[in-house]
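# Understanding the architecture of this molecule
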Amino acid sequence: ALAGLLSHASAFVTTDSGPKHLAYLAGTPTVEIYGPTDERRWGALFEPDKHIAVRRCAWDLMPEERDGLAENHQCALVEIDDVWRALERFLPRQG
């Protein structure tokens, strides 16, 4: 059901998760919010113009640097404006 919905979407905002891969298969452009995973490894390998990775800090902190930080602290640093700017590339232009 989700794959069917994604095939009709102009774009899909997601984290590095299973639905992101369904969007790839459906041919839907994605804006991907990355936190503790590395988009160079888990991001789109093909059609990079259709898939935009958004992050606010380095993914490769040392374990001692992550001490005391929430597991999703990197995703929490991403601001709405960062996502919106990326998403605008895929939305139909008005006017």
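Below or above, wherever it landed, is the structure these notes cover. Bear in mind the structure is a predicted one, so any value in this text is a computation, not a measurement.

This next bit is on the nonpolar core. A general tendency of soluble globular proteins is for nonpolar side chains to be buried together. Core analysis: the largest hydrophobic core is formed by 10 residues, namely A11, V31, I33, I52, V54, V78, V83, A86, L87 and F90. Of all the elements in the fold, those that place two or more residues in this core are β2 (30-33), β3 (51-54) and α6 (80-88). Per-element tally for this core: the top contributor is α6, with 3 residues. Ignoring anything within four residues of it in the chain, the contact list for L87 reads A11, V13 and V31.

The strand order across the open sheet built from 3 strands is β1-β2-β3, with neighbouring strands paired in parallel fashion. Of all strands in the sheet, those with a lone pairing partner are β1 (12-15) and β3, marking the two edges. On average, each strand axis in the sheet is inclined to that of its neighbour by 20°, with strand direction left out of account. Of the strand pairs in this sheet, β2 and β3 are connected by 4 bridges, and their pairing is parallel. Note on β3: the bridge partner recorded for T30 is H51. Relative to the sheet, α6 contacts β1, β2 and β3, its axis offset from that of β2 by approximately 160°.

Right, let's talk about the pattern of salt bridges for a bit. Counted under the stated rule, the structure contains 5 salt bridges. Where D16 meets K20, a salt bridge forms, and the shortest distance between an N and an O atom there is 2.6 Å. Overall, the relative accessible area of 25% leaves D16 in the partly exposed class. Residue classification places K20 among the buried positions, given a relative accessible area of 0%. One salt-bridge network, in which partners are shared between bridges, spans R56, E79, D82 and R85.

Counting through the fold element by element, T14 comes out in strand β1. Judged by its relative accessible area of 7%, T14 is buried. Among the polar contacts made by the side chain of T14, one reaches the side chain of S17 at a distance of 3.2 Å. Here T14 is in contact with K20, V31, E32 and I33, once residues within four sequence places are set aside.

Parameters and conventions
Residues numbered from 1 in each chain as written. Predicted model: local features only at pLDDT ≥ 70, side-chain atom pairs only at ≥ 80, totals over all residues. Heavy atoms only, no water. Core = buried A, V, L, I, M, F, W, Y, C linked by side-chain atoms within 4.5 Å. Buried < 20%, exposed > 50% of the residue type's maximum accessible area, 1.4 Å probe, protein only. Helix = DSSP H or I, 4+ residues; strand = E, 2+ residues; numbered from the N terminus. Contact = heavy atoms within 4.5 Å. Pairing = 2+ DSSP bridges. Axes fitted to C-alpha atoms, helices over the stretch in contact; angles between N-to-C directions. Salt bridge = Lys/Arg side-chain N within 4 Å of Asp/Glu carboxyl O. Polar contact = N/O pair within 3.5 Å; in protein donor to acceptor, adjacent residues only side chain to side chain.

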